Amino acid sequence: MTKEKQEELFHSWLTDHKPILYKIIRVYSQDLDDQNDLFQEITIQLWKSIPNFKAQCLETTWIYRVALNTALKWKKKARKNNPEQITEDLIKEPAENTHPHLDWLYHEISLLNKIDRSLTLLMLDGFGYKDMSEILGITTSNVGVKINRIKIHLQERSKLLTS
Amino acid sequence: MNIQDMQKIWDIESNQTLYVLDEASVLNRINKKVISAERRANSTENFIIAINIFVTIVLFAIAILNDNLGTWEYLMAIFAALTIGFVLYYRKKRYEFQSQVGDKMLDNLNKAIHHATVQAKMTDLFLIWYIIGVGALTLSNMIIQNISIWLILPIAITMVIGFIVGRWEQRSIHEKKRDELIDLRTKLVEEVN
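Values in this document were obtained by computation on a predicted structure and should not be read as measured data.

About the thresholds
- Residues numbered from 1 in each chain as written.
- Chains lettered and ligands numbered in written order.
- Predicted model: local features only at pLDDT ≥ 70, side-chain atom pairs only at ≥ 80, totals over all residues.
- Heavy atoms only, no water.
- Helix = DSSP H or I, 4+ residues; strand = E, 2+ residues; numbered from the N terminus.
- Buried < 20%, exposed > 50% of the residue type's maximum accessible area, 1.4 Å probe, protein only.
- Contact = heavy atoms within 4.5 Å.
- Areas by Shrake-Rupley, 256 points an atom, 1.4 Å probe, with all protein chains shown as cover.
- Arc of directions from axis to C-beta.
- pLDDT = per-residue confidence, 0-100.
- Axes fitted to C-alpha atoms, helices over the stretch in contact; angles between N-to-C directions.
- Parallel < 35°, antiparallel > 145°, perpendicular 65-115°, else oblique.
- Left-handed = near helix turned anticlockwise from the far one by under 90°.
- Nonpolar A, V, L, I, M, F, W, Y, C, P; charged D, E, K, R; others polar.

Next up on the list: the overall build of chain A. Helix and strand counts for chain A come out as nine helices and one strand. Its helices and strands taken in sequence order, chain A reads α-α-α-α-α-β-α-α-α-α from the N to the C terminus. For chain A, the residues scored as buried account for 49% of the 163 residues in total. In chain A, the share of contacts with a sequence separation of at least 24, taken over all contacts with a separation of at least 6, comes to 73%. About 8000 Å² of surface is accessible on chain A, with carbon and sulfur atoms providing 52% of the total.

Among all positions of helix α8 (residues 129–136) of chain A, only A:Met132, A:Ser133, A:Ile135 and A:Leu136 are buried. Around the axis of α8(A), the buried residues are gathered within 165° of arc, so they sit on the same side.

Turning our eyes to something else, we now look at the confidence of the model for chain B. Chain-level statistics for chain B give a pLDDT mean of 77 and a share of 81% at 70 or above. Within chain B, the lowest mean pLDDT, 62, falls on strand β1 (residues 20–21) of chain B, and the highest, 84, falls on helix α5 (residues 149–189) of chain B.

This part is about the packing of helix α1 (residues 3–16) of chain A against helix α3 (residues 32–49) of chain A. Residue and element names in this part refer to chain A. Two numbers describe how α1 lies on α3: the axes approach to 10 Å, and their chain directions differ by 135°. For the element pair α1 / α3, the angle class is oblique. Once α1 is placed against α3, the crossing between them reads as right-handed. Residue-level contacts link Lys3, Gln6, Glu7, Phe10, Trp13 and Leu14 of α1 to Phe39, Thr43, Leu46, Trp47 and Ser49 of α3. Classifying every residue of the contact of α1 with α3 by side-chain character gives six nonpolar, three polar and two charged.

Given below as structure tokens:
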């Protein structure tokens, strides 16, 4: 694969699948510095993964695989306060308001263990058990049991929110 | 709130821009980071290889030119040559590991655990190999040459400290990382009742 082709595909992935990356980044890292750090890590792995990408699987599935694998192994870095860092941020916080319960949902997902966070993201993004099993490498029945447990947990937590 | 409600809230995010992305600098940053990480890893390895090639050549040259068949010189030369082999083997393993992206999460975790285990073992082996190997050869040579105990002692202490610090680093970084990965794999594959 030529470098131009790699760049072209990379740009189209960034443009078309930006929301996937942001969602993963938000549940695996808390503050903006960490989000920038993880975003950078994920995009580097995506860039490296392009030569291995075969059209046998969907782009979204591939991007999820690479991004989740990276987020799972990513570790928060200890950093010193560096004022110059601010100007180098790759992602910046939005100005617009979001749904009031969206922050709550993100918070609840971020409290789950790292594996359950992946499952929840895939579930909320509409992946079926078979696709999840393909991405995670575990049986569909195990996926089903875990998803049910997560659903029950989230619904229980939402009762606290409404009460 | 049920899961369908959560799904609706979630879908809002898919259709709106929640962050502003400076796309132009992303590729630039990636290129820089990939190149610098590669260069950093390679330069450390190249440095170790260069030093050991130099040591091997000098020791063999001294032994041959002086017609001095001292065991110490030959052992050190062999030791340095084997270190080059070790670094090259480690680099090969690193490249193999780096090319494995996009696997299933379980496969990826298994590979990462294997890599962390190999890394921990390698560091352990290198530590024992280098500190005990170099230490034993250097100290025995110093004792044979009747060098003052006051010179031998600080060198011996420095080597012991180096060994302890190396072991600590190996346990607190490599083994800890491996244990965290094993914990993640357990969470992934555990059957929930």
